[in-house]
Amino acid sequence: MAGKLAVIGAGLMGSGIAQVAAQAGWDVVLRDVTDQALSRGLDSVKASYEKFVDKGKLTADDAGAALGRITTTTDLDAVAGVDVVVEAVFEKLEVKHEIFRALDEVVREDTVLASNTSAIPITKIAAVTKHPERVVGVHFFSPVPMMRLCELVRGYKTSDETLAAAREFAESVGKTCIVVNRDVAGFVTTRLISALVVEAAKLYESGVATAEDIDTACKLGFGHAMGPLATADLTGVDILLHATSNIYTESQDEKFAAPELMRRMVDAGDIGRKSGQGFYTY
């Protein structure tokens with residue numbers, strides 16, 4: 001399966017989704033609000049394709065053809081004729097509502113409207129549309145070209161047809177899917193990593209063990225590829241704090257109540273790799 005895809009948001013996730021889809025033969029419209037954001041997104045796709053070519057995982061011709069299938073725009077109306085839309089903007093419900101309201105007016109009635117959210121209930125996002133049955137969660141993982149998992153989330157009104165179309169799309173771009181049948185905040189993966197990061201941060205905050213030793217325990221004891229505190233730094237302490245706060249607000253479950261240390265780190269700008277300082281120094 002390959003058709004026409006629109007990706008809303010050209011950041012790390014959006015550009016990654018555009019990259020894998022174009023490589024799989026989809027015609028992609030990448031939309032963001034500024035030309036600068038689109039240029040950065042396209043540059044990251046080019047750089048990633050070049051790495052794959054250098055490693056012999058992709059031919060130069062195939063990389064060039066894939067890049068040629070991506071068009072960029074700041075105009076939301078440009079997504080009118082697509083088969084699937086994946087929204088990948090900031091994790092704020094108001095921002096997503098604005099986009100889904102607009103998309104509802106622009107796209108065809110049979111277009112699948114997907115959100116790449118990692119923590120906001122799909123039902124809440126779908127509530128502002130006229131056709132909530134066509135809204136679904138399609139949660140990719142970072143970095144999208146390397147991570148094989150895709151979490152499909154059924155909202156309260158998501159139809160079987162929409163879920164099947166979302167699975168077909170995700171599998172067509174090389175992902176293995178899991179299905180979240182109940183639309184709980186944080187779904188499966190964000191709940192698991194949030195609970196682990198919160199507990200790891202509490203252990204570190206109270207001086208039980210160093211960040212290095214906590215991460216080593218998870219890597220060697222549980223076979224994790226990366227420890228929870230290094231994961232927080234990679235994802236962004238601010239992003240994880242936002243996700244855990246969303247889940248806590250929805251569930252009132254104390255295990256998702258982030259420790260004060262995480263809040264102070266975010267206040268101070270120590271948000272991980274992107275700032276040069278998080279639980280580790282970079």
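For the structure, check the block above.
Read on for a plain summary of the structure.

Calculation rules
- Residues numbered from 1 in each chain as written.
- Predicted model: local features only at pLDDT ≥ 70, side-chain atom pairs only at ≥ 80, totals over all residues.
- Heavy atoms only, no water.
- Helix = DSSP H or I, 4+ residues; strand = E, 2+ residues; numbered from the N terminus.
- Rg over C-alpha atoms; globule rule 2.2 N^0.38 Å.
- Buried < 20%, exposed > 50% of the residue type's maximum accessible area, 1.4 Å probe, protein only.
- Areas by Shrake-Rupley, 256 points an atom, 1.4 Å probe, with all protein chains shown as cover.
- Lys, Arg positive; Asp, Glu negative; His and termini not counted.
- Charge placed at Lys NZ, Arg CZ, Asp CG, Glu CD.
- Phe/Tyr/Trp six-rings, centres within 6.5 Å; stacked < 30°, edge-to-face > 60°.
- Contact = heavy atoms within 4.5 Å.
- Polar contact = N/O pair within 3.5 Å; in protein donor to acceptor, adjacent residues only side chain to side chain.
- Pairing = 2+ DSSP bridges.
- Axes fitted to C-alpha atoms, helices over the stretch in contact; angles between N-to-C directions.
- Core = buried A, V, L, I, M, F, W, Y, C linked by side-chain atoms within 4.5 Å.
- Parallel < 35°, antiparallel > 145°, perpendicular 65-115°, else oblique.
- Nonpolar A, V, L, I, M, F, W, Y, C, P; charged D, E, K, R; others polar.
- Disulfide = S-S within 2.5 Å.

**Comments concerning the overall build of the protein**
Now for step 1: The secondary structure content of the protein amounts to 11 helices and 8 strands.
Now for step 2: Over its C-alpha trace the protein gives a radius of gyration of 19 Å, about what one expects of a compact globule, namely 19 Å for 282 residues.
Now for step 3: Taking the principal axes of its C-alpha atoms as reference, the protein extends roughly 55 × 45 × 35 Å.
Now for step 4: Looking at the 282 residues of the protein, the share that counts as buried comes to 47%.
Now for step 5: Element-wise, carbon and sulfur atoms account for 53% of the exposed surface of the protein, whose accessible area totals about 13,200 Å².
Now for step 6: Charge separation in the protein, taken as the distance between the mean sites of 29 positive and 39 negative side-chain charges, equals 2 Å.

**Details of the packing of aromatic side chains**
Now for step 1: Considering all chains together, one arrives at 3 aromatic pairs under this definition.
Now for step 2: An angle of 75° between the planes, with centres 6.2 Å apart, marks the rings of phenylalanine 140 and phenylalanine 169 as edge-to-face. Within this pair, whereas phenylalanine 140 is found in strand 6 (residues 135-140), its partner phenylalanine 169 is found in helix 6 (residues 160-172), the two being separated by 29 residues in sequence. In this pair, the class of phenylalanine 140 matches that of phenylalanine 169, namely buried.

**Considering the environment of aspartate 27**
Now for step 1: Among the structural elements, aspartate 27 can be located in strand 2 (residues 27-31).
Now for step 2: The class of aspartate 27 is partly exposed, set by a relative accessible area of 37%.
Now for step 3: C-alpha of aspartate 27 to C-alpha of glycine 68: the two residues are 41 residues apart in sequence and 8.7 Å apart in space.
Now for step 4: Contacts of aspartate 27, omitting those with residues within four sequence positions, involve Gly3, Lys4, Leu5 and Arg69.

**Some points on the side chain of aspartate 233**
Now for step 1: By the element assignment, aspartate 233 lies in helix 9 (residues 228-235).
Now for step 2: At 2.9 Å, the side chain of aspartate 233 forms a polar contact with the backbone nitrogen of phenylalanine 279.
Now for step 3: Excluding residues within four positions of it along the chain, aspartate 233 makes contact with Ile271, Gly272, Arg273, Gly278, Phe279, Tyr280 and Tyr282.

**What to know about the sheet that holds strand 4 (residues 84-87)**
Note on sheets: strands pair through backbone hydrogen bonds, and any given pair is parallel or antiparallel.
Now for step 1: Pairing within the open sheet is mixed, and its 8 strands lie in the order 3-2-1-4-5-6-7-8. The strands lining the two open edges of the sheet, one partner per strand, are strand 3 (70-73) and strand 8 (176-180). Averaged over all adjacent pairs, the angle separating strand axes in this sheet is 25°, with direction ignored.
Now for step 2: Sheet contacts for helix 4 (residues 93-106): strand 1 (4-8), strand 4, strand 5 (112-115) and strand 6; angle to strand 5, the most-contacted strand, approximately 170°.
Now for step 3: Packed onto the sheet, helix 6 meets strand 1, strand 4, strand 5, strand 6, strand 7 (149-153) and strand 8 and runs at close to 25° relative to strand 6.

**Comments concerning the nonpolar core**
Now for step 1: Leu5, Trp26, Val28, Tyr49, Val138, Phe140 and Phe169 are the most contacted members of the largest nonpolar core, which has 37 residues in total.
Now for step 2: Take this core: its biggest share by element is 6 residues, from helix 1 (residues 12-23).
Now for step 3: Here valine 28 is in contact with Leu5, Val7, Ala18, Ala21, Ala22, Arg69, Ile70 and Thr71, once residues within four sequence places are set aside.

**A short note on the environment of aspartate 75**
Now for step 1: Along the polypeptide, aspartate 75 turns up in the loop between strand 3 and strand 4.
Now for step 2: Residue aspartate 75 is classed as partly exposed on the basis of its relative accessible area, which comes to 39%.
Now for step 3: Along the sequence, aspartate 75 and arginine 31 sit 44 residues apart, while their C-alpha atoms lie 7.0 Å from each other.
Now for step 4: Reaching out from aspartate 75, the side chain makes a polar contact with the backbone nitrogen of aspartate 77 at a distance of 3.0 Å.

**Considering the side chain of glutamate 87**
Now for step 1: Relative to the assigned elements, glutamate 87 resides in strand 4.
Now for step 2: Classification of glutamate 87 by relative accessible area gives buried; the value is 0%.
Now for step 3: Among the polar contacts made by the side chain of glutamate 87, one reaches the main-chain amide nitrogen of valine 89 at a distance of 2.9 Å.
Now for step 4: Here lysine 96 takes part through its side chain, which lies 2.5 Å from a polar atom of the side chain of glutamate 87.
Now for step 5: Other than its neighbours up to four places away in sequence, glutamate 87 contacts Ile8, Lys96, Ile99, Phe100, Ala114, Ser115 and Asn116.

**Some remarks on the packing of helix 7 (residues 189-205) against helix 10 (residues 237-251)**
Now for step 1: At their nearest, the axes of helix 7 and helix 10 sit 10 Å apart, and the two run at 105° to each other. Of the possible angle classes, the one that applies to helix 7 and helix 10 is roughly perpendicular. Here Thr190, Arg191, Ile193, Ser194, Val197 and Val198 of helix 7 come into contact with helix 10, specifically with Leu240, Ala243, Thr244, Ile247 and Ser251.
Now for step 2: Residue composition of the contact of helix 7 with helix 10, grouped by class: 6 nonpolar, 4 polar and 1 charged.

**As for the state of the cysteines**
Now for step 1: Summed over all chains, the structure comprises 0 disulfides.
Now for step 2: Here cysteine 177 stays unpaired: no disulfide links it, and the sulfur of cysteine 150, its closest cysteine neighbor, is 4.9 Å away.

Purely geometric stuff here, so don't read any function into it on its own.
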